[in-house]
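# Structural overview for review
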Amino acid sequence: MGQDIPLRWYEDKSAALDIEGFTALPADALAEQRSILSIGYTKSPIWLAFSLPASLFQAESRWLQLGPNFLDDVTLYYRPSAGGRAWSIHRWGDMWPDARGDIDYRFPVFELPPPSGAPGYDVVVRVRSTSAILLDGSLWAPQAFLKEAARETAFWSFYFGLAALSTALAVFMAFFLRRPLAWALCAFSLTYWLVACIQGYVDWLFGGRGLHLQHYLTGILTLLAYTSLLWVTTEALNLRERRPGLHRLMMAAIGLSLLLPLSIPLDFYDVAINIQGVLCISTALILAVGAWTIWHEEHDVMALVLGVMPILYVAAGLVALMSLFGWIPYDKHIYGIWQYVVMVNMLTVLGWAAYRIWYEAREMQEKRQLASELRLEREASFHQRQFIGMVSHEFRNPLAVITHAMENLQLPSVSEKQRRRRYQSIRRATHRLVQLTDNCLADSRLYADGLQLQIDTIDLLGVVRSAAEIVDGSADHRWRLTVQGLGVGEWTARRIPVLADAAMLRIAVSNVLDNAVKYSERGYVDIDVAFRNEFAVVGIRDRGPGIPKEDAALIFERHRRRRASPAAGHDPGGTGLGLYVARQIVQAHGGELVLVGSGPEGSYFELSVPQSGGGPVP
């Protein structure tokens, strides 16, 4: 209508005409239109007339589609061109409570039967709206209409699918990340509802009879769409930190824009549109200049991209406005450019927001990692100072024993019995120094580049007996060795071959035995060797008071010591390396050192290493 079939229209400024009054107007009172009728904002009803010749029907029904959906009240009159018959009347519009056409579709579609016996139809349309006056009509063959409707529905399904996805992402970021940019994106995603209103989906899918939901949403969201984009761009550019003065100016513009929807109930919507146009153009230019200065100073290309987005939206909006006012020929594709710009802007900012959130999360992770490393470094430094103090104390005791024993040996009155006792003290102190030195060296090797073992087939019983010398150094303790619960004497010739580094395994066993001696006042330390799943298992049971539950998970950590028994009345000392080094050595062999049980009767540890061959041999 208008492009192929000329229109004649009249503006009823008095709003007093009816159909008979309009048809009675002289021909020269009507303006002729050879393009789609688009005259901008006016509160006056517009009457227009055109003729549909019978040749367009070809003896078949045709479907007349009218639009757009934001018109408030439209009345369609038609009758055969000859014979003076009565007018057929149909009404539709955003404010019309009943069905909007003969076909269930998102745009009003009316079925016109072929004008039998008449040269065609005379058609009159009356339009009244608080929105811009625009009438886009087209006459379709039913099959052609269905084909075009299916194509457009497929396109808009894709469009609103992307809209739903981007909106869901924005809502997710808003509620779970609680970023201002995410909340701004949520607000901007409401623009998709404006597109849905213009395309007629809101009333078509959700009804709205009596509520006029589509009518009010169209007006409100038209006034707020750019406001939300302005907020999005302000947050995306981070103007609060980069340009505080510009941020305050944009917030003032946003605040003013939020007042514009009041024009709908107060009936000055056309004035609000003009105010919004001034705000759009001025703020878009200011934002573009601000983005350019940020790019120039910080070489942030994305700032320039984000700053251009409002200009693109305003440019697309100006094209739409010019087509609405008739300044340029109306075309639904040109008018719909801004709808595509909405999607491009949304996806661009979503991508930028996702990148910023990822980048900030990575920075936060790096900060946490750095803080963790600093904490570990401080803890390591603290433990190192403690360790040096403990080592100094532990070395001082055996050195003092050796010094005093040697001084006593120089006395001329020392008896042979006293001399042997002094030599035994020196021997025990020397063993203690050797053990401390071995632990420190083993810990150094573990801390530096891992433990390198010299694996060979060795006799486990020999290693256990050698390690048990640590128990012999105590005057209050004795050790008992069994194999599978059977006693084993010094004379026994049986061997238990295992794959191990003899020196390192001896350190591990002696550390567990030393732990048993230190934390029990006196009595036997029981050692039992058993066989389990191709492993030789050394079980060590002491007679101590047991290990508190809160310490059970800490005793194998580096520089962590088991607390002394309250009954002992003294600190047993130690460097906090014994069990840690023992477990590391055993694990390096492919075995394990575990605390099996602990109670008031003592603690029981098990140490396992791989066997060599089939078990004990004579």
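Since we're looking at a predicted model, the values are computed, not measured.

Counting buried positions along strand β9 (residues 120–128) yields seven of nine residues, so the element is predominantly enclosed. With eight bridges joining them, strand β4 (residues 46–53) and β9 adopt antiparallel strand pairing. Each bridged residue has a counterpart across the sheet, and for F50 the counterpart in β9 is V123. Where strand β6 (residues 73–80) and β9 come together, eight bridges link them in antiparallel fashion. Following the sheet pairing, Y78 is matched in β9 by V123.

This part covers the packing of helix α17 (residues 502–518) against helix α19 (residues 578–588). Contact pair α17 / α19: the axes reach a minimum separation of 8 Å and the direction vectors enclose 145°. Between α17 and α19 the crossing geometry is left-handed. Taking contact as the criterion, the partners of M504, L505, I507, A508, N511, V512 and N515 in α17 are, on α19, G578, L579, V581, A582, I585 and V586. Here the contact of α17 with α19 is built from residues that sort into ten nonpolar, three polar and no charged.

Once that is clear, we can look at the environment of L76. Within the secondary structure, L76 is located in strand β6. Note: C-alpha distance between L76 and W92 (16 residues apart in sequence) is 8.4 Å. Once residues within four sequence positions are removed from consideration, L76 is found in contact with L64, L66, S88, I89, H90, F110, V123, V124 and V125.

Further remarks concern the pattern of salt bridges. In a structure, side chains of opposite charge can pair up when their charged atoms sit close to one another. Following the criterion strictly, the structure yields 16 salt bridges and no others. Across the pair D267 and K43 runs a salt bridge, and its minimum N-O distance is 3.6 Å. On the criterion of sequence distance, the pair formed by D267 in the loop between α9 (263–266) and α10 (269–298) and K43 in the loop between β3 (37–41) and β4 is long-range, its members being 224 residues apart. In this structure K43 comes out as partly exposed when scored by relative accessible area, which is 48%. Residue R62 is joined to E60 by a salt bridge in which the shortest nitrogen-to-oxygen separation is 3.6 Å. Note on E60: relative accessible area 47%, which makes it partly exposed. Connected through salt bridges with shared partners, the residues R242, E298 and D300 form a single ionic network.

Conventions used here
- Residues numbered from 1 in each chain as written.
- Predicted model: local features only at pLDDT ≥ 70, side-chain atom pairs only at ≥ 80, totals over all residues.
- Heavy atoms only, no water.
- Buried < 20%, exposed > 50% of the residue type's maximum accessible area, 1.4 Å probe, protein only.
- Helix = DSSP H or I, 4+ residues; strand = E, 2+ residues; numbered from the N terminus.
- Pairing = 2+ DSSP bridges.
- Axes fitted to C-alpha atoms, helices over the stretch in contact; angles between N-to-C directions.
- Left-handed = near helix turned anticlockwise from the far one by under 90°.
- Contact = heavy atoms within 4.5 Å.
- Nonpolar A, V, L, I, M, F, W, Y, C, P; charged D, E, K, R; others polar.
- Salt bridge = Lys/Arg side-chain N within 4 Å of Asp/Glu carboxyl O.

As far as function goes, none of this settles anything; it's purely spatial.
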